[in-house]
Amino acid sequence: HGSWIGYFVSCFVQFAISPLLPEIQRSLNLTKSQIWVSNIWMVLGGIPIRFLLGPLCDKYGARLVLTAMLALTTVPCACSGFVQTLEGLIIVRFLIGALDAFVPSQYWITCQFVREISGTTMAMSSGWGAAGAGVVQIVLATVLFPIIIFLTKDYDISWRLCMILPALISISVALYFYLYSDDCPLGNFNEIKRAGLMVERNAVDSFRSGVLNLNSWILFLQFAGSCGVDLTMCNGTAVYYHARFNQTTASSGAIGFLYCISAIFARGLGGWASDIMYNRMSMAGRLWAQLVSMVTQGLLIIWWARTDTLGLSVCLLVAFSILVQTSTATCFAIVPYVDGPNTGSVAGIVGAGGNVGAVLLGNVFRTHSQYAGAAEYMGWFAIGTALLTPFIVISGYKGILFGEDNNRKRENRILVPS
């Protein structure tokens, strides 16, 4: 539970500003382009840290890394209420994005369950956690923001006061799981190493191994086409419906909630489907699940982008949000097989792909004159990355086009005496 709750709070904090962006835009007198610049800087902050956190998890364990991220993110979150300029907004959003807890949360799950059910367990954890991005949309924009307006009669002060709640939640959860959780069923990593039950990992060697594996980079691109879309939509759904369909802040936040909340069940669905396909077709099954999910996701996004009716647009938004979440899950279900002893590093590289994709797509939305055109590009981007799936070759497994099943070559992520 520490994995998904920690990631839930991380998403709650990261996207706390997103549903309030229409108010922030008016308060700070910002343009559409400047709002998207702040979105881009938020996801940009997570790129280097996701690369770094993987090897740190291999060395120190997920518990310390995750709780450190939650504790540190409290500071920029609380300070966001004092922002007066675009530069200040960019700084706090960059720092919040840099303290993302996705990688340690996913790594924590790999330490708790065997790989044969990794798709379901990792997806359920990340899905329940990612729902924080949806819950915060409705908690802050639709519930708390109107209440504070009613009490203060001041729109500018109201959005600033809203940012106190996520900061308090983050520091409280960080303290609890630091004190009352373990890295794995055998205990914390430092205790297991002292008992001689685990090899001491070198963070640099672990990172090098992950970087030199071609599969890491294919999954990096595919996570850009799945999680990158998800991050873009979590940041931009409220702004999109406010600008294109003239919705209020409260209504836009509610629509953003509808997009994000599908993560509760859809990621678990994608992981479960990946596990089922693995049981039937081995690794080729996981790869087919990935390919079909991502192509379908892209086609639905293109349809959504070409829709000018609010009702149909929202229905298609919910539909493709489900496929985005399943694609994210099927992608990460492959990660534990890439390089077993260095799973943290691989997870960090793949996780960074989501942020890179969000930066790319954020720039498309920032520079494109029409939201519809930018959204359609996003759909084609997802399809393009999906077509890389046949080129994934996992040692010891037959893929869609290449490789062969060989039990002797299959690597297992296990704790062994040093």
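Scroll up for the structure.
Worth saying up front: this structure is predicted, and the values here are computed from it rather than measured.

Things to note about the overall build of the protein
So, step 1. Assigned secondary structure in the protein consists of 19 helices and 0 strands.
So, step 2. For the protein, with 418 residues in total, the buried portion stands at 59%.
So, step 3. Across the protein, contacts joining residues at least 24 apart in sequence account for 81% of those joining residues at least 6 apart.
So, step 4. With an accessible surface of roughly 15,700 Å², the protein has 68% of that area assigned to carbon and sulfur atoms.

Details of unusual backbone geometry
So, step 1. At K153, a position not held by glycine, the phi torsion is positive, near 60°.
So, step 2. Along the chain, K153 falls in the loop between α7 (118-152) and α8 (155-162).
So, step 3. We classify K153 as exposed; its relative accessible area is 63%.
So, step 4. The phi torsion at N246 lies on the positive side, around 55°, for a residue other than glycine.
So, step 5. By the secondary structure assignment, N246 is in the loop between α12 (214-244) and α13 (249-261).

Points about α13
So, step 1. With 13 residues, α13 extends 18 Å from end C-alpha to end C-alpha; this agrees with the ideal 18 Å at 1.5 Å per step.
So, step 2. Along α13, the residues classified as buried are T249, S252, G253, I255, G256, Y259 and C260. The arc that holds every buried residue of α13, seen down its axis, measures 160°, which confines them to one face.

Structural notes on the nonpolar core
So, step 1. In terms of nonpolar packing, the biggest core is built from 114 residues, with W304 and F320 touching the most fellow members.
So, step 2. When residues in this core are grouped by element, the largest group, 13 residues, is from α12.
So, step 3. In this structure W304 touches M233, Y240, Y241, R244, S313, L316, L317, F320, A375 and M378, once residues within four positions along its chain are discounted.

Describing the pattern of salt bridges
So, step 1. Inspection of every chain in the model, using the stated rule, returns 6 salt bridges.
So, step 2. Two residues, D230 and R267, come together in a salt bridge whose shortest N-O distance is 3.1 Å. Note that D230 is positioned in helix α12 and R267 in helix α14 (residues 263-281), a separation of 37 residues in sequence.
So, step 3. Here E376 makes a salt bridge to R306, at a shortest N to O gap of 2.7 Å. Placement of the pair is E376 in helix α19 (residues 371-386) and R306 in the loop between α15 (283-305) and α16 (310-332), with a sequence separation of 70 residues.

Points about the environment of N355
So, step 1. Within the secondary structure, N355 is located in helix α18 (residues 343-367).
So, step 2. Looking at N355, the relative accessible area reads 4%, which means it is buried.
So, step 3. Along the chain, N355 and G97 lie 258 residues apart, while their C-alpha atoms are 9.3 Å from each other.
So, step 4. With residues near it in sequence (within four places) discarded, N355 still touches V43, G46, I47, R50 and L231.

Some points on the packing of α15 against α19
So, step 1. Put simply, α15 and α19 touch, their axes get as near as 8 Å, and they point 165° apart. Considering their axes alone, α15 and α19 lie roughly antiparallel with respect to each other. For the crossing formed where α15 meets α19, the hand is left-handed. Judged by residue contacts, L291, M294, V295, Q297, G298, L299, I301, I302, W304 and A305 of α15 engage A372, A375, E376, M378, G379, W380, A382, I383, T385 and A386 from α19.
So, step 2. Its residues assigned to classes, the contact of α15 with α19 shows 15 nonpolar, 4 polar and 1 charged.

Calculation rules
- Residue numbers run consecutively from 1 along every chain, following the written order of its sequence.
- For a predicted model such as this one, the threshold for reporting local features is a pLDDT of at least 70, and the threshold for listing and counting side-chain atom pairs is 80 or more; totals across whole chains, interfaces and linings nevertheless cover every residue.
- Hydrogens and waters are ignored; side-chain quantities use all the structure's heavy atoms.
- Think of it this way: any DSSP run of H or I at least four residues long counts as a helix, any run of E at least two long counts as a strand, and we number them from the N terminus.
- The buried label goes to any residue with under 20% of its type's maximum accessible area, the exposed label to any with over 50%, and the partly exposed label to all in between, with areas taken from a 1.4 Å probe on protein chains only.
- Contacts are assigned to residue pairs that have any heavy atoms within 4.5 Å of one another.
- Note on areas: these come from Shrake-Rupley sampling with a 1.4 Å probe, and a residue is covered only by the protein chains present in the view.
- Helix span, expected: 1.5 Å multiplied by one less than the number of residues in the helix.
- Directions from the helix axis toward the C-beta atoms define the arc.
- Within this scheme, the nonpolar core is defined by two criteria: the residues are buried Ala, Val, Leu, Ile, Met, Phe, Trp, Tyr or Cys, and they are joined through side-chain atoms within 4.5 Å.
- Each salt bridge in this description consists of a side-chain nitrogen of Lys or Arg and a carboxyl oxygen of Asp or Glu lying within 4 Å of one another.
- Convention adopted: a line fitted to C-alpha atoms gives each axis, helices being fitted over their contacting stretch, and angles between N-to-C directions are expressed from 0 to 180 degrees.
- An angle below 35 degrees is read as roughly parallel, one above 145 as roughly antiparallel, one from 65 to 115 as roughly perpendicular, and any other as oblique.
- By convention the crossing between two helices is left-handed if the near helix lies anticlockwise of the far one by an angle smaller than a right angle, and right-handed if it lies clockwise.
- All amino acids are sorted into three groups, where Ala, Val, Leu, Ile, Met, Phe, Trp, Tyr, Cys and Pro are nonpolar, Asp, Glu, Lys and Arg are charged, and the leftover types, Gly among them, are polar.

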